[in-house]
Amino acid sequence: MPEGIEVEYYRQSVLRTLNRKIELVETVDQKYLRDGHSLIDIKDLLEGNSFKFAGRRGKLLLLSVSNDMSIGLRFGMTGRLLVDGVSAIETLEYSSTKNEPKWNRFSLKFSDGGTLSINDPRRLGAIQINPNIEVLGIDLYEITISSLSKALGSSSRALKSRLMDQSKVAGLGNLLTDEILWRSSINPRRAANSLTHDEQKRLAYHIIQTVKQLTKLGGSHTGKLQAHRGTGGLCPKDGEPLERYTVGGRTTYSCPLHQI
Ligand SMILES: [Zn+2]
């Protein structure tokens with residue numbers, strides 16, 4: 001699924017659309033509309049205008065429009081952003097690399113003939129007008145020891161759930177979180193408030209390093225643990241059979257030997 005890294009790729013690809021006049025909003029899937037907005041609202045906001053700035057907080061892509069409004073794009077589990085027919089990412093875990101026209105949930109045409117669209121088989125993405133980004137936590141690219149410590153707070157929830165809570169840390173999804181906890185040698189089921197200061201430091205270090213490295217490598221599916229997620233998977237660090245279970249409803253892999 002698109003995690004913060006993939007949405008950062010989307011943000012970079014959407015820079016190509018800045019200052020190009022939007023001629024027509026062609027498609028907005030009903031399920032993509034939020035807060036009681038309609039297709040007409042989206043058309044009124046975008047047609048005849050252009051995007052001026054592309055920002056991002058976590059998995060939310062933010063596009064400022066020339067009329068001082070903004071739209072937020074969410075990609076759900078399987079949404080891929082295409083600019084002028086080209087996707088910023090070829091491989092998306094859990095998704096398809098096909099661009100079926102029937103999966104087009106949002107598309108618009110620029111007056112120069114180019115396009116921007118979201119292809120989303122599972123239809124779990126969304127378009128918001130002037131989204132409130134204050135409800136989102138610290139962005140995954142901006143983690144520090146103190147912001148992480150604050151995000152973990154006094155919560156006794158499972159650490160993995162807390163890290164994936166977008167109102168605490170914005171942008172970490174299932175694959176990144178498993179990879180980070182595996183590298184940090186911390187068990188995903190630990191209570192978020194049970195980490196020592198040293199463990200918090202180690203976790204912050206591995207969030208920063210993992211996000212940086214996987215951004216360079218090509219996405220949240222390029223971690224060291226990835227190839228071992230599956231039946232009979234062994235820990236690439238020590239060869240121990242990995243444990244598979246769910247945390248907060250998400251399939252989780254961890255090593256019972258070195259993740260404590
Ligand atoms: Zn291990």
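**Student:** Would you mind showing me how to read the pattern of salt bridges here?
**Tutor:** Where charged atoms of side chains with opposite charge meet at close range, the side chains can pair. For the structure shown, the criterion picks out 15 salt bridges. Note that Arg157 and Asp165 form a salt bridge whose closest N and O atoms lie 3.2 Å from each other. The class for Arg157 is partly exposed, based on a relative accessible area of 38%. Under the relative-accessibility criterion, Asp165 is labelled buried at 19%. A single network of salt bridges, built from pairs that share partners, joins Glu8, Arg11, Arg56 and Asp139.

**Student:** Even after reading the chapter, I still don't get the packing of aromatic side chains, so can you show me in this structure?
**Tutor:** The geometry of an aromatic ring pair is captured by two quantities: the separation of the ring centres and the angle between the planes. In this structure the tally under the stated criterion is one aromatic pair. Ring centres 4.6 Å apart and planes at 55 degrees place the aromatic pair Tyr10 and Phe75 in the tilted group. Here the residue Tyr10 occupies a position in helix α1 (residues 4–14), and Phe75 occupies one in the loop between β4 (70–74) and β5 (80–83), the gap between them amounting to 65 residues. You'll find Tyr10 and Phe75 in the same group, each marked buried.

**Student:** Where do I start with the sheet that holds strand β3 (residues 60–65) in this structure?
**Tutor:** Here four strands make up an open sheet; going across it, the order is β2-β3-β4-β9 and the pairing antiparallel. Among the strands making up the open sheet, the edge pair consists of β2 (51–57) and β9 (126–129). On average, adjacent strands in this sheet sit at an angle of 20 degrees to one another, irrespective of strand direction. Alignment of β3 against β4, held across four bridges, turns out to be antiparallel. Considered in β4, the bridge of Leu63 is made with Ile71. Sheet contacts for α1: β2 and β3; angle to β2, the most-contacted strand, approximately 170 degrees. Sheet strands in contact with helix α2 (residues 39–46) are β2, β3, β4 and β9, and its direction is about 60 degrees off that of β9.

Criteria and cut-off values
Residues numbered from 1 in each chain as written. Predicted model: local features only at pLDDT ≥ 70, side-chain atom pairs only at ≥ 80, totals over all residues. Heavy atoms only, no water. Salt bridge = Lys/Arg side-chain N within 4 Å of Asp/Glu carboxyl O. Buried < 20%, exposed > 50% of the residue type's maximum accessible area, 1.4 Å probe, protein only. Phe/Tyr/Trp six-rings, centres within 6.5 Å; stacked < 30°, edge-to-face > 60°. Helix = DSSP H or I, 4+ residues; strand = E, 2+ residues; numbered from the N terminus. Pairing = 2+ DSSP bridges. Axes fitted to C-alpha atoms, helices over the stretch in contact; angles between N-to-C directions. Contact = heavy atoms within 4.5 Å.

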